[in-house]
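Next come the chains, spelled out residue by residue.
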Amino acid sequence: MRRLFFKILLFYLLLFILIKIPVFANEVSKKFIVKVNNKIIDVNNYIVYKDGRFVAKNTSTKAISNNKFLINFDGINFYIELINDKEPFAILSVSNAICEIKHNQLIINKSSLNKTDYFYLNISLKNKIIIINSKKIILDNSQYMKIVNKNNPLASNFIPKDLVYLKGKINAEVTNSMRLKRNAAMQLGSMIKEANRNGVRDFVIRSAYRSYNDQTNIYTSYLNRFKKIYPNDYRIITAKYVQKPGMSEHQTGLAIDISSKSRNNYSSFEQTNHYKWLKQNSWKYGFIIRYPKDKTKITGISFEPWHLRYVGEPFAELLYRNNWALEEFTNHISKEKFIVFKSYQGIYYLITDNKYKLLK
Ligand SMILES: [Zn+2]
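As the structure is a computational prediction, the values presented were derived from the model and not from experiment.

**Student:** Before we go on, may I ask you to explain the coordination of the zinc ion in this structure?
**Tutor:** Each pair of donors in an ideal octahedron of six around a metal sits at 90 or 180 degrees, and each pair in an ideal tetrahedron of four sits at 109.5 degrees. In the first shell of the zinc ion, the protein supplies His 250 (NE2), Asp 257 (OD) and His 307 (ND1), at 2.1 Å from the metal. Read in sequence order, the donor residues for the zinc ion give the motif H-x6-D-x49-H. The pair His 250 / Asp 257 is uniform in exposure class, with both members buried.

See the structure below:
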């Protein structure tokens, strides 16, 4: 009986020691290296783990908080942030990926990445490095980021999957035949509900999914109408108002033309509270104003306040915060390779081209 008691005591004593004393070394991983201006810096020289938290090691490191440090190296200031503050040891698993700061961006040497199971060390546009404890990350493909325009047309037989009817799902005037892709439809419903709560009511959906044939019919009717008025340049004029078949975003099942009951005229929609509300809030529901006023040269399409495009989260917020048109995002990401983005809900995302990953 006495022996059993001591055995139990010993067991709890061991357990206590194991929990209380970290088995980790009192330093940041030696493998963690950043390359700045072709000089290699070792983070161990700047941060050390002491008394249960990371602290600045010398005067060139300034602790902003328990998990955020400002490091000055060769006159370049940058931040290191330990995201997973519940497990500060997480930094021990940061890889030996060699990175380089160029134009305030941290560029990961991709060949060094492949050799390790761990990533992740990133920097945002604002000189901020983020270290994430994470195993090799598999990115999710976004099915909502497709660019459709005159340079990127859809095939005539392209029909989006999971189209659902809008009737009965959203609090707006719709016709029986209107459809959108399921997620876009659901988010549209939530968005209108929220607008209604904010006193913005009586939305009208004027157009949603349009098949290749629908677009052909619309295009032909415009062509015939303008032919009577402008017999010489009716084709150019038609192109200003309606996309050729295959070149309309409506064929993706991700675009809507939205308006309000009080405004029958498309162009005056800009003046409504409805537009103002959508401009400020639609990104929260994954929508963007696809053809903004200040981006006509980039999109190649005149200002369409009524045309909303679903791109989903986190892309809608990223585009909104940077004031990027879809084309600008594509250009940016093809140069920078990746972005680490913190959403308004405090969630970190790693974004590469049209792929993304939620970073926990
Ligand atoms: Zn449209």
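Next comes the rest of the description.
**Student:** What am I meant to see in the side chain of Glu 327 here?
**Tutor:** Among the structural elements, Glu 327 can be located in helix α9 (residues 326-336). According to the relative accessible area criterion, Glu 327 is buried, its value standing at 10%. If near-sequence neighbours (up to four positions away) are discounted, Glu 327 is found in contact with Ile 147, Asn 149, Arg 290, Ile 298 and Thr 299.

**Student:** Would you take a moment to explain the confidence of the model for the protein chain for this structure?
**Tutor:** A low pLDDT score tells you not to read the predicted coordinates there in detail. Residues of the protein chain with pLDDT of at least 70 account for 64%, and the chain-wide mean is 76. Segment residues 102-137 is flagged for pLDDT under 50; beyond a separation of four residues in sequence, or across chains, it makes 107 contacts in the model.

**Student:** Quick question: what am I supposed to make of the nonpolar core here?
**Tutor:** A general tendency of soluble globular proteins is for nonpolar side chains to be buried together. Residues Leu 166, Leu 188, Ile 205 and Ile 258 are the most contacted members of the largest nonpolar core, which totals 32 residues. Secondary structure elements with two or more residues in this core: α3 (182-197), β15 (203-207), β16 (255-260), α6 (273-281), β17 (287-291) and β18 (304-310). The biggest single contributor to this core is α3, with 6 residues. Not counting residues within four places of it along the chain, the set of residues in contact with Ile 258 comprises Ile 192, Phe 203, Val 204, Ile 205, Phe 269, Leu 278, Trp 306 and Leu 308. Within the second largest apolar cluster, 16 residues are counted, among which are Phe 315, Leu 318, Phe 329 and Tyr 349.

**Student:** What exactly am I supposed to notice about the layout of surface pockets here?
**Tutor:** Leftover empty space is mapped by rolling, across the atoms, a probe with the size of a water molecule. Volume-wise, the largest pocket comes out at about 500 Å³. Along the wall of the largest pocket there are 23 residues; nearest its centre are Tyr 222, Tyr 241, Asp 257, Glu 304 and Trp 306. Elements that contribute at least two residues to the lining of the largest pocket include exactly α4 (212-229), α5 (234-241) and β18. Classifying every residue of the lining of the largest pocket gives 9 nonpolar, 9 polar and 5 charged.

**Student:** Explanation requested: the side chain of Thr 61 in the structure shown.
**Tutor:** Inspection of the secondary structure puts Thr 61 in strand β5 (residues 61-65). A relative accessible area of 6% means that Thr 61 is categorised as buried.

**Student:** Explain the packing of aromatic side chains to me, please; I cannot follow it from the model alone.
**Tutor:** All told, the structure shown has 11 aromatic pairs when counted by the stated rule. With a centroid separation of 6.0 Å and 35° between ring planes, the pair formed by Phe 226 and Tyr 230 is classed as tilted. Classification of Phe 226 by relative accessible area gives buried; the value is 9%. The partly exposed category is assigned to Tyr 230, whose relative accessible area is 36%. Centroid distance Phe 269 to Tyr 275: 6.1 Å. Interplanar angle 65°. Geometry classified as edge-to-face. As far as burial versus exposure is concerned, Phe 269 and Tyr 275 are alike and both buried. Among the aromatic residues, those joined into a cluster by ring pairs are Tyr 222, Phe 226, Tyr 230 and Tyr 241. Sitting above the plane of the Tyr 222 ring, Arg 225 keeps its charged end 4.7 Å from the centroid.

**Student:** Would you take a moment to explain the environment of Val 204 for this structure?
**Tutor:** On the secondary structure map, Val 204 appears in strand β15. Once you skip the residues sitting within four places of it in the chain, Val 204 turns out to touch Glu 173, Asp 257, Ile 258, Ser 259, Ser 260 and Lys 261.

**Student:** How do you make sense of the pattern of salt bridges when you look at a structure like this?
**Tutor:** Should their charged atoms come close, side chains of opposite charge can pair. Tallying each qualifying case throughout the model produces 11 salt bridges. Note that Arg 197 and Glu 194 form a salt bridge whose closest N and O atoms lie 2.8 Å from each other. Placement of the pair is Arg 197 and Glu 194 together in helix α3, with a separation of 3 residues, close to one helical turn. On the basis of relative accessible area, Glu 194 is assigned to the partly exposed category, the value being 23%. Where Arg 321 meets Glu 317, a salt bridge forms, and the shortest distance between an N and an O atom there is 2.9 Å. With Arg 321 and Glu 317 both in helix α8 (residues 315-322) and 4 residues apart, the pair spans about one turn of that helix. Among the residues examined, Glu 317 registers a relative accessible area of 0% and is labelled buried.

What counts and how
Residues numbered from 1 in each chain as written. Predicted model: local features only at pLDDT ≥ 70, side-chain atom pairs only at ≥ 80, totals over all residues. Heavy atoms only, no water. Donors = N, O, S within 2.8 Å, 3.2 Å for Na, K, Ca; no water. Buried < 20%, exposed > 50% of the residue type's maximum accessible area, 1.4 Å probe, protein only. Helix = DSSP H or I, 4+ residues; strand = E, 2+ residues; numbered from the N terminus. Contact = heavy atoms within 4.5 Å. pLDDT = per-residue confidence, 0-100. Core = buried A, V, L, I, M, F, W, Y, C linked by side-chain atoms within 4.5 Å. 1 Å grid on protein atoms, 1.4 Å probe; cavity = no way out; pocket = protein on both sides within 12 Å on 5 of 7 lines; lining within 4 Å. Points joined across faces, edges and corners; volume = space filled by probe spheres on them. Nonpolar A, V, L, I, M, F, W, Y, C, P; charged D, E, K, R; others polar. Phe/Tyr/Trp six-rings, centres within 6.5 Å; stacked < 30°, edge-to-face > 60°. Lys NZ or Arg CZ within 6 Å of the ring centre and 35° of its normal. Salt bridge = Lys/Arg side-chain N within 4 Å of Asp/Glu carboxyl O.

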